[in-house]
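What the coordinates show
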Amino acid sequence: MIDTTAPLGLLEALVLGIVQGLTEFLPISSTAHLRVVPALLGWDDPGVSVTAAIQLGSVAAVVAYFRRDLTQVLKGISRAVRHGQWREPDARLGVAMLIGTLPILVLGLGIKLFWHAGYASSPLRSVPSIAIVSIVMALFLALAERMGPRLKQLGGVTGRDGFVVGLAQALAVIPGVSRSGSTLTASLFDGWKRADAARFSFLLGIPAIAIAGLVELKSALSTSAGAGPLPLLVGIFSAAVVSWLAIDWLLHFLQRNSTWIFVGYRLVFGAGLLVWWAFKSAN
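This report concerns the structure included in the present document. Bear in mind that the values here come from a model prediction, so they are computed numbers and not experimental data.

1. Notes on the packing of helix 4 (residues 67-83) against helix 5 (residues 89-114)
Following both chains from N to C, one finds helix 4 and helix 5 inclined at 100°, their axes separated by 7 Å at the closest point. Comparing their axes, helix 5 and helix 4 come out roughly perpendicular. Along the contact surface, helix 4 presents Leu70, Gln72, Val73, Gly76, Ile77, Arg79 and Ala80, while helix 5 presents Asp90, Ala91, Leu93, Gly94, Val95 and Met97. Counted by class, the contact of helix 4 with helix 5 contains eight nonpolar, three polar and two charged residues.

See below:
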């Protein structure tokens, strides 16, 4: 199905790309911001297909940023297949990424096949729903920050870790949850160190974001047919550049700091949205 939205303009695509890049890897929900920012600016909802396609810029950024890690994972999987060395760290990381991708892949496929039109217009994508979800997830992140022992490191990752974090990643189909936020929260609850949790979240997101973007790319191009492919390319490129900067900043930030700044932001973001929505509804 094709989203019934207006053609994407260059300025809109640039802004959406910047918003996507800033919010995809920070635990504040890119989907929520891509839905809310256009609403605040008086633009049409870009729709599921366009936002998913713009996320391909974030995929390009994270693949480029972690190209050495991904090369090692592929080599580890290759050695494991040839020599049965499945206990090596690189092979275990690859297996964890595969297992962790399955929950969101199954759920996303189910939505695509059986609820695509309904999901695009679902109350889950409404401003008050996004606001409430943002506040709830902020509280969960706060609990994880307080309770998590922060002992696990990426070198010790297992398939079980991938499954646990993958289940949390699947919650990201709900706008406002945040894929990076849900995976980071689950990892902290499960005892990960902050920077290692973020690194695994980034790597785990590569298959999920790439598949979603490629699946929706054709629909996104059809939606933007009136303006040609240039706006979508602008959105993808700007998302790639800003995503790279966001990844680098967050990894360095979490080596020395906690996630409380994101807890505070999500609480303010959610509360502000509720106030804005109530004011707009009253008028």
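Right, picking up where we left off after that structure.
2. Examining the environment of Ile99
Mapped onto the fold, Ile99 is located in helix 5. In this structure the C-alpha to C-alpha distance between Ile99 and Lys280, which are 181 residues apart in sequence, comes to 44 Å. Beyond its immediate chain neighbours, meaning those up to four positions away, Ile99 contacts Gly159, Gly162 and Phe163.

3. Thoughts on the side chain of Thr259
Positionally, Thr259 belongs in the loop between helix 11 (230-256) and helix 12 (260-282). When residues no more than four places from it in sequence are discounted, the contact partners of Thr259 are Leu141, Glu145, Leu184, Leu188, Arg194 and Leu254.

4. What about the packing of helix 3 (residues 47-65) against helix 11?
Their axes nearest at 7 Å, the elements helix 3 and helix 11 cross at an angle of 45°. Viewed along their axes, helix 3 and helix 11 adopt a mutual orientation that is oblique. Judged by the twist between their axes, the crossing of helix 3 over helix 11 is right-handed. Two secondary-structure elements touch here, helix 3 through Val50, Ala53, Ile54, Leu56, Gly57, Ser58, Ala61, Val62, Ala64 and Tyr65 and helix 11 through Leu232, Gly235, Ile236, Ala239, Ala240, Ser243, Trp244, Ile247, Asp248, Leu251 and His252. In terms of residue class, the contact of helix 3 with helix 11 is made up of 15 nonpolar, five polar and one charged.

About the thresholds
- Residues numbered from 1 in each chain as written.
- Predicted model: local features only at pLDDT ≥ 70, side-chain atom pairs only at ≥ 80, totals over all residues.
- Heavy atoms only, no water.
- Axes fitted to C-alpha atoms, helices over the stretch in contact; angles between N-to-C directions.
- Helix = DSSP H or I, 4+ residues; strand = E, 2+ residues; numbered from the N terminus.
- Parallel < 35°, antiparallel > 145°, perpendicular 65-115°, else oblique.
- Contact = heavy atoms within 4.5 Å.
- Nonpolar A, V, L, I, M, F, W, Y, C, P; charged D, E, K, R; others polar.
- Left-handed = near helix turned anticlockwise from the far one by under 90°.

The values are spatial; any link to function lies outside them.
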